[in-house]
Amino acid sequence: MIRKLVASILLIITLVIPSGCWDMREINEIGLVMAVGIDKSPRDPNLFLVTVQVANPQGSGSSGGEKQKNESQVWIANAEGKTIFDAIREIARFSSQRIMWAHNNIIVVGESLARDDITPVIDFFTHNHELRMKTWMAVTPLSAGDVVSSNVGMGNAPGRSITEVFRFQNLTGLGLPSDLLNVYHDFTSENNNLLISSLTLNEALTQAGLADISENIVEQIEVSGLAVFDKNRMLGYLTADEARGLSWFLGESPNLVISLPHPQNQNKSVAVEMNAVKAKIDSRLNQGAPEFTIEISGSGHISEEDTFSSLTINEFKSTLENLAEQQIAAEIRSSVSKVQKEYRSDVLRFGKTVHVQHKKEWNRDLKYRWAEIFPESEVEVVVKVSIESSTLNQVPLRNYKELANTNDQSQDK
Amino acid sequence: MQQKVSGDLRKDEQLLIDTIGQGLDTEYRHLLVPALNNASVLIVYIKGLINTTELEDAIIRPLTAPSRNANEKGAKKTPLPEFIESTLFIAGVKQSQDWTEICDAIVSGDSVLLINKYDAAFILANRGWESRAISEPTSEVEIRGPKDSFVENLMPNMALIRRRVRDYGLRFEGMRLGDRSKTDVVMVYIEGLVNDQILHEVRTRLQKIKTDAIMVSNYIEEFIEDSKYSIFPKMERTERPDKASAAILEGRIVIMVDNTPFVVIAPSVFWNFLQSPTDYYEKYILGTFWRSIRLLAMFLAISSSSAYVLLTSFHQEMLPTSLALKIAADRQGVPFPAAIEAFVMEVLLEVMNEAGLRLPKALGQTVSIVGTLVIGQAAVQAGLIGPALVIAVATGAISSYAIPSFAMSSAIRLLRFPVLFCSSLFGIFGYLGAVIFITLYLMSLRSFGAPFYSPISPFQKDDQKDTLLRLPRPQMKKRPSLAKPQDSVRQTTTPRSQNKSEEGGP
């Protein structure tokens, strides 16, 4: 009896142990992908060229101060394949570590591939169960491999620095937060087209404290605007300035700065930081043709003003508010008209608005002709800015030495 | 031993010598009592167990005193029991014919007086042995609250409770357990408050114990507790009379065992082991805060090392990227998988714990230096274990010490191993499976009829005031339903609520 019991317990243990550990992999034995770039292969346009940036923990971690300065923080590999998965398996063939996607920060797609068809990229990464849907996605006019293998950033692994660029997008408005979830949504939606941020390299910054500057020019990655798609094909770019016009109403709580001419001194500027910006797109049907109103309201905050003026606070405030409203409206109008007239692709969520607000008409009629209707739709922009902060009462910084000089001169006369 | 006292002093003495022997500590003292016409008497006692001064002053001196009224005729006619009771200056005098009772009295520390030609013995209560004075509690230190604790001796322990509970219904119901040790066991409860069924259950379970000796209270606990093979303690133990008295006032039953400075409280539920008297001695918000900290500590004690293993070996996607990179960097070149690393560290920790417990004070420093320096720092620097694991294991160890009950804390420390085992095999599924199993198991337990996981499951609304939360005293109007007290009302109205109703009235 006891023998049988012991035997069965031993059997269970032997059963459990080999079946349990099969998917165990130590954290130091896996390669964490930080960024991935996908291009068309230069040799054969039917092949994908996948470049991965894998973190090298030895370079970035700190084990008791024994950090090797020379060791790179990342390891970069590329491979070609008929499918993306094929290429990734190819990388696994010669890499020493198993590749893990869960910590991937960004997927960069080369322009040539995006202009051809972006479907395989979105498909592969939404199929992949390891990948997070909050991974950023970007298009680059350069080769995606170059962007992924560039050595950028301050301290972090390069892939993570790129993410930080995206994180603070609401401060610059140069692109839109295009993460995989948004992209997937727009891609599959019947009323909206894709809009993906674009990245470029900018060889400008130098690493401080290094003797030989020319050798240590560090490439800087920057968000340079947006790539406009029609269905699965990329049509072209919006520049950073044009992207800013869209981010007023498509971005997530844009926190942008506008520079306005000083009401009394055209050579001087006043900087106004916008916050609590609320955007609303409204649609109405005018004899079957949709018309749109983009309503923006927000409050401003004077952050730079160094010129004296003889205006009262109320006059100053209302002048500035008018100027700001005009400027924002102009930015939005030019971007919207460029999208409408040049690309003729609805990336502005207009179709979505009509779908929601006039469901019947959309389903009956509009959605079939949307590609023709969208470019011709009337768009009205209404902006309401209120500058309502204590900084209005703040006296501009004055230089007393200069003041004293001018006083002296006037007395001399 | 069915015999009775014969009245023949020589025969009786011989019988006593046959029964309890003539050892070094046993004294047979012969006297002649002038007041009884020089009748020969025998006093039998154990030397270390009686109060010698009392024996000399209150027993021998009055007995041997020359009779003042020896010649008076009336004196002779005084019946012997009344004579003894009025002559001896001793509090307790009891007459007995039963040899078993007499022998028990002698070995318990009473003196026994036998008189020639009288067929009964007098049991004289003059116990008095060396015992430890009441001192500060050592294993349940509290910042505020009384500083006395139980001792090994029953009498002062009962006094400590009586000093706190002066209710007329307070009962100390004694029984003697253990064929050879003949240990006194006392059930303490308040008549009229305690639930009769539970009391009856405790009494029957105690009476059913047939064993040769009871050394400490745990002997009894193992006999009477439900689910004997469970590793969780199902009765609270305390050395604090304030805690024991509070339990009695909730209608629970306290079991005291002679020679054990800890009493046992029955019934108890799981949440009692996370509570501490200080919860009631400080502001109620602090009490609630401390309880939540302890709950968190219990959770950490069970899961910190398992969490490390399952995150680093199975679910790396659950770590923030920078943390994942840091741990990966620290683990470069570590020769073992995280699971084995964690097991080794946990076992080493328990070894250190065990070594430290019983070490002479002078050696204590050596253990801590060797433990922290060699095992902690050197092993990490040599790259044998990852530093993050040391943090995880140490967090678990510290957390386990935050659980007030030593028995519960040890049980939880032991449970870490199966949980860690399951986590190393199946990742988070194994971990959750193990934790769910433990929780379900806790819910299946009972302590003298009370579901062990109550009042959380089954949920008792009124008892929530004093389980994980600790509400202000005036709000706790009812006693916990745990012991199903006959009288569940602790207080009816409070001054404040009276004021409120007056204010709110029309």
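The rules behind these values
- Residues numbered from 1 in each chain as written.
- Chains lettered and ligands numbered in written order.
- Predicted model: local features only at pLDDT ≥ 70, side-chain atom pairs only at ≥ 80, totals over all residues.
- Heavy atoms only, no water.
- Domains from an automatic or database assignment.
- Contact = heavy atoms within 4.5 Å.
- Buried area = accessible area lost by both parts, 1.4 Å probe.
- Salt bridge = Lys/Arg side-chain N within 4 Å of Asp/Glu carboxyl O.
- Polar contact = N/O pair within 3.5 Å; in protein donor to acceptor, adjacent residues only side chain to side chain.
- Axes fitted to C-alpha atoms, helices over the stretch in contact; angles between N-to-C directions.
- Helix = DSSP H or I, 4+ residues; strand = E, 2+ residues; numbered from the N terminus.
- Parallel < 35°, antiparallel > 145°, perpendicular 65-115°, else oblique.
- Left-handed = near helix turned anticlockwise from the far one by under 90°.
- Nonpolar A, V, L, I, M, F, W, Y, C, P; charged D, E, K, R; others polar.
- Buried < 20%, exposed > 50% of the residue type's maximum accessible area, 1.4 Å probe, protein only.
- Pairing = 2+ DSSP bridges.

Student: Quick question: what am I supposed to make of the domain arrangement of chain A here?
Tutor: Residue and element names in this part refer to chain A. Examined at the domain level, chain A breaks down into domain 1 (26-60 + 71-238) and domain 2 (242-413). In this assembly, 24 residues from domain 1 lie in contact with 25 residues from domain 2. For the domain 1 face of the interface with domain 2, the top three residues by lost area are N170, N191 and L238, together amounting to 31%. A salt bridge links E190 to K367; its shortest N-O distance comes to 3.8 Å.

Student: For this particular structure, what's the right way to read the domain arrangement of chain B?
Tutor: You'll often see interface size given as the accessible area lost when the parts meet. Residues and elements named next belong to chain B. Domain assignment breaks chain B into domain 1 (9-125), domain 2 (131-268 + 476-491) and domain 3 (295-444). Summarising the inter-unit geometry, the C-alpha centres of domain 2 and domain 3 are found 35 Å apart. Between domain 2 and domain 3, the residue contacts involve five residues of the former and eight residues of the latter. Of the roughly 620 Å² buried between domain 2 and domain 3 on both sides combined, carbon and sulfur atoms contribute 85%. Area buried by domain 2 at its contact with domain 3 is led by I231, F232 and P233, which between them contribute 83% of it. Our enumeration of links across domain 2 and domain 3 arrives at zero salt bridges. The tally of links from domain 2 across to domain 3 stands at one residue pair in polar contact (both at pLDDT 80 or more).

Student: Help me out: how do you make sense of the packing of helix 11 (residues 284-313) of chain B against helix 15 (residues 387-401) of chain B in this one?
Tutor: For any two helices packed against each other, the geometry is given by the interaxial angle and the distance between the axes. Residues and elements named next belong to chain B. Where helix 11 meets helix 15, the closest approach of the two axes is 7 Å, and the angle between their N-to-C directions is 160 degrees. One way to sum up the angle between helix 11 and helix 15 is to call them roughly antiparallel. Of the two possible hands of crossing, helix 11 and helix 15 adopt the one that is left-handed. Contacts between helix 11 and helix 15 involve A297, L300, A301, S304, S305 and Y308 from the former and A388, L389, A392, V393, T395, G396, S399 and S400 from the latter. Residue composition of the contact of helix 11 with helix 15, grouped by class: eight nonpolar, six polar and no charged.

Student: What is the right way to read unusual backbone geometry from this model?
Tutor: Note: most residues except glycine have negative phi, and most peptide bonds are trans. Residues and elements named next belong to chain B. That bond from S454 to P455 is cis: its omega, 5 degrees, falls within 30 degrees of zero. With omega at 0 degrees, the peptide bond leading from S457 into P458 counts as cis. With respect to the secondary-structure elements, P458 resides in the loop between strand 12 (450-451) and helix 17 (495-504). A positive phi angle is found at N259, which is not glycine, with a value near 75 degrees. For N259, the position within the fold is in the loop between strand 9 (253-257) and strand 10 (263-266).

Student: Got a minute to help me understand the interface of chain B and chain A in this structure?
Tutor: In this assembly, 26 residues from chain B lie in contact with 26 residues from chain A. For the pair chain B and chain A, the summed buried area comes to about 2,300 Å², and 61% of that belongs to carbon and sulfur atoms. For the pair chain B and chain A, the interface holds one salt bridge. The partner of B:R331 in a salt bridge is A:E26, with the nearest N and O atoms 3.3 Å apart. Put simply, the parts of the chain that give the side of chain B that touches chain A at least two residues each are helix 11, helix 12 (321-330), helix 13 (338-357) and helix 16 (406-444) of chain B. If you tally residues by element for the side of chain B that touches chain A, the top one is helix 12 of chain B, at nine residues. Each residue belonging to the side of chain B that touches chain A can be placed in one class, and the counts come to 14 nonpolar, eight polar and four charged.

Student: Teacher, can you tell me more about the pattern of salt bridges here?
Tutor: Side chains that carry opposite charge are capable of pairing whenever their charged atoms lie near each other. All names here are of chain B. All told, the structure shown has 47 salt bridges over all chains when counted by the stated rule. Put simply, E140 and K243 hold a salt bridge, and the shortest N to O gap is 3.9 Å. Residue E140 is located in the loop between strand 5 (121-125) and helix 6 (154-164), and its partner K243 is located in helix 9 (residues 241-249); the two are separated by 103 residues in the primary sequence. As far as burial versus exposure is concerned, E140 and K243 are alike and both buried. With a shortest N-O distance of 2.8 Å, D279 and R291 are connected by a salt bridge. Taken together, the residues D279 in helix 10 (residues 278-281) and R291 in helix 11 connect sequence positions twelve residues apart. Each member of the pair, D279 as well as R291, carries the same accessibility label: buried. If you follow the salt bridges from partner to partner, you end up with E140, E236, K243, E250, R252 and R490 in one network.

Student: Sorry, what's going on with the sheet that holds strand 9 of chain B here?
Tutor: Strand pairing in a sheet relies on backbone hydrogen bonds, with the paired strands running either antiparallel or parallel. All names here are of chain B. The five strands are arranged 6-7-9-10-8 in an open sheet whose pairing can be described as antiparallel. Of all the strands in the sheet, the pair left with one neighbour each is strand 6 (170-177) and strand 8 (236-238). Each neighbouring strand pair of the sheet contributes to a mean axis angle of 25 degrees, computed without reference to strand direction. The sheet contact formed by strand 8 and strand 10 spans three bridges and is antiparallel. Across the sheet, T238 pairs through a bridge with V263, a residue of strand 10.

Student: Is there a simple way to think about the sheet that holds strand 3 (residues 92-96) of chain B in this case?
Tutor: Residue and element names in this part refer to chain B. Strand order across the open sheet formed by five strands is 1-2-4-5-3, with antiparallel pairing between neighbours. Where the open sheet ends on each side, the last strands, each with one partner, are strand 1 (26-33) and strand 3. For this sheet the average axis-to-axis angle between neighbouring strands, irrespective of direction, equals 25 degrees. Strand direction decides the pairing type here: strand 4 (residues 111-115) and strand 5, joined by four bridges, are antiparallel. Following the sheet pairing, L114 is matched in strand 5 by A121. Set on the sheet, helix 2 (residues 52-64) makes contact with strand 1, strand 2 (39-46), strand 4 and strand 5; between it and strand 1 the angle comes to about 30 degrees.

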